[in-house]
There are 2 protein chains.
Amino acid sequence: MQIDQFTNQLRQNGYRLTKPRQAVLQIMIESERALTPAEIYQEGSEHFRVGLVTIYRTLALLEQLGIVRQVHLHDGEHAYVLATPGHYHTLICNGCGRFVEIAGLAEMPHLIAEVEARTGFKVAEHRLELYGLCPSCQQQAIQRQHGASHDTT
Amino acid sequence: MQIDQFTNQLRQNGYRLTKPRQAVLQIMIESERALTPAEIYQEGSEHFRVGLVTIYRTLALLEQLGIVRQVHLHDGEHAYVLATPGHYHTLICNGCGRFVEIAGLAEMPHLIAEVEARTGFKVAEHRLELYGLCPSCQQQAIQRQHGASHDTT
DNA sequence: CCAATAAATGAAACTCTTTTTCATTTACGT
DNA sequence: ACGTAAATGAAAAAGAGTTTCATTTATTGG
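Residues numbered from 1 in each chain as written. Chains lettered and ligands numbered in written order. Predicted model: local features only at pLDDT ≥ 70, side-chain atom pairs only at ≥ 80, totals over all residues. Heavy atoms only, no water.

Chemist: Talk me through the pairing of strand 5 (residues 122-133) of chain B; I want residue IDs and the actual numbers.
Modeler: Across eleven bridges, the pairing between strand 5 (residues 122-133) of chain A and strand 5 of chain B is antiparallel. The partner of A:Glu125 across the bridge, within strand 5 of chain B, is B:Tyr131. Bridge analysis of strand 3 (residues 89-93) of chain B against strand 5 of chain B gives five bridges, and the strand direction is parallel. Bridging from a neighbouring strand, B:Leu91 pairs with B:Leu130 of strand 5 of chain B. (Pairing = 2+ DSSP bridges. Helix = DSSP H or I, 4+ residues; strand = E, 2+ residues; numbered from the N terminus.)

Chemist: Please provide a residue-by-residue account of the relation of the copies chain B and chain A, values included.
Modeler: You can overlay chain B on chain A at an RMSD of 0.9 Å; the transform is a turn of 179 degrees with a shift of 0.0 Å along its axis. The superposition of one copy onto the other is thereby described by a two-fold rotation axis. Both copies contact each other with a shared surface, as 100% of the interface residues of chain B are interface residues in chain A too. (Least-squares fit on C-alpha atoms with pLDDT ≥ 70 in both. Contact = heavy atoms within 4.5 Å.)

Chemist: Now, about helix 4 (residues 52-64) of chain A: what can you tell me, with residues and values included?
Modeler: The α-helix winds at 3.6 residues per turn, so residues separated by three or four positions along the chain end up facing the same way. Residues and elements named next belong to chain A. The terminal C-alpha atoms of helix 4 lie 19 Å apart, and with 13 residues this matches the ideal 18 Å at 1.5 Å per residue to within 8%. Next to the buried residues of helix 4 lie helix 1 (3-12), helix 2 (19-30), helix 3 (37-45), strand 1 (68-72) and strand 2 (78-82). Taken from the residues just after helix 4, Gly66 is the one with a positive phi, measuring 80 degrees. (Expected span 1.5 Å × (residues − 1).)

Chemist: Summarise the interface of chain B and chain A; cite the residues concerned and give the values.
Modeler: Tallying the contact residues gives 41 residues for chain B and 41 residues for chain A. Three residues stand out in chain B for area buried against chain A, namely B:Leu111, B:Phe121 and B:Arg127, and they jointly supply 19% of the buried area on that side. The interface formed by chain B and chain A includes zero salt bridges. At the boundary of chain B with chain A, the tally comes to five residue pairs in polar contact (both at pLDDT 80 or more). Residue assignment for the side of chain B that touches chain A shows that the elements contributing at least two residues are strand 1 (68-72), strand 3, helix 5 (107-119), strand 5 and helix 6 (135-147) of chain B. No other element matches the twelve residues that strand 5 of chain B contributes to the side of chain B that touches chain A. (Buried area = accessible area lost by both parts, 1.4 Å probe. Salt bridge = Lys/Arg side-chain N within 4 Å of Asp/Glu carboxyl O. Polar contact = N/O pair within 3.5 Å; in protein donor to acceptor, adjacent residues only side chain to side chain.)

See the structure below:
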């Protein structure tokens, strides 16, 4: 994943290329997971001085430019992922928070067509979020069952 | 929609049948829309003295009993709807905010099976939210195009 | 390279939703 | 009706996100 394409996009839209913006982009690019503003703030703070407000503002800007996408976590908190154009299907691991963008769900257009036919709605946009356990967290769940049957926490 | 089936469910699970609980149930039953705790609080306050905390606690209890379901609004706020067992698909009108619960999406199990096969995830739960315009708001949008072409707001 | 300046930042204060604490009230079996 | 545990309401606190404003910084032109 190239940071240059995103920094160019900023410049072309008349925005300045600042240290916080570069840092947020870099962190998002390197992340395997959806990150909350607080997590990005923590990560960024380890390398240079930055305010949480700036993280929020930067994420809002990047979302507006279509570079990142907001996802809703269970408690209503927001997290952000790099936007994969056209893919609004997210698979989120309840164990470790890792996410996968799912491409090419062939059934989706049929499903939407059926809903439109049945309800008369005109569907403009959809969000599909699937929650479950990733392969590695499934393993850990099994191991925990065996080794810690006395632990009732 | 009968309130008795829900009050019975409370009693059968060892919970007391209090005025706030009855009121929240009644408000949920009568509502055409997803309601936020604040909205339920406001509605309830018009009829008797109740604390917002109690609304939160009652909704948490009703959700745990499977009587209501939490939906995430765009700004991260939570709203609640009466649970339609097994239906976690919501169709929301961008125009008027009305929602429809969609039953029997036959494609969904296939879709989930495909995702599991492709990713190795075990999907426990899903949320499908479709956004668009309901028939009546589509009409209004068309009328606005005709009658107000000079209005650039 | 340096100065001017408009954009961007950080700190603090604030708003709003949700949770916790705890003393008071209420539902319900006896 | 009484006693008791459950439930409630008020207040305070916790947490996410936003607003304000003085300071800093990226960029443009000399």
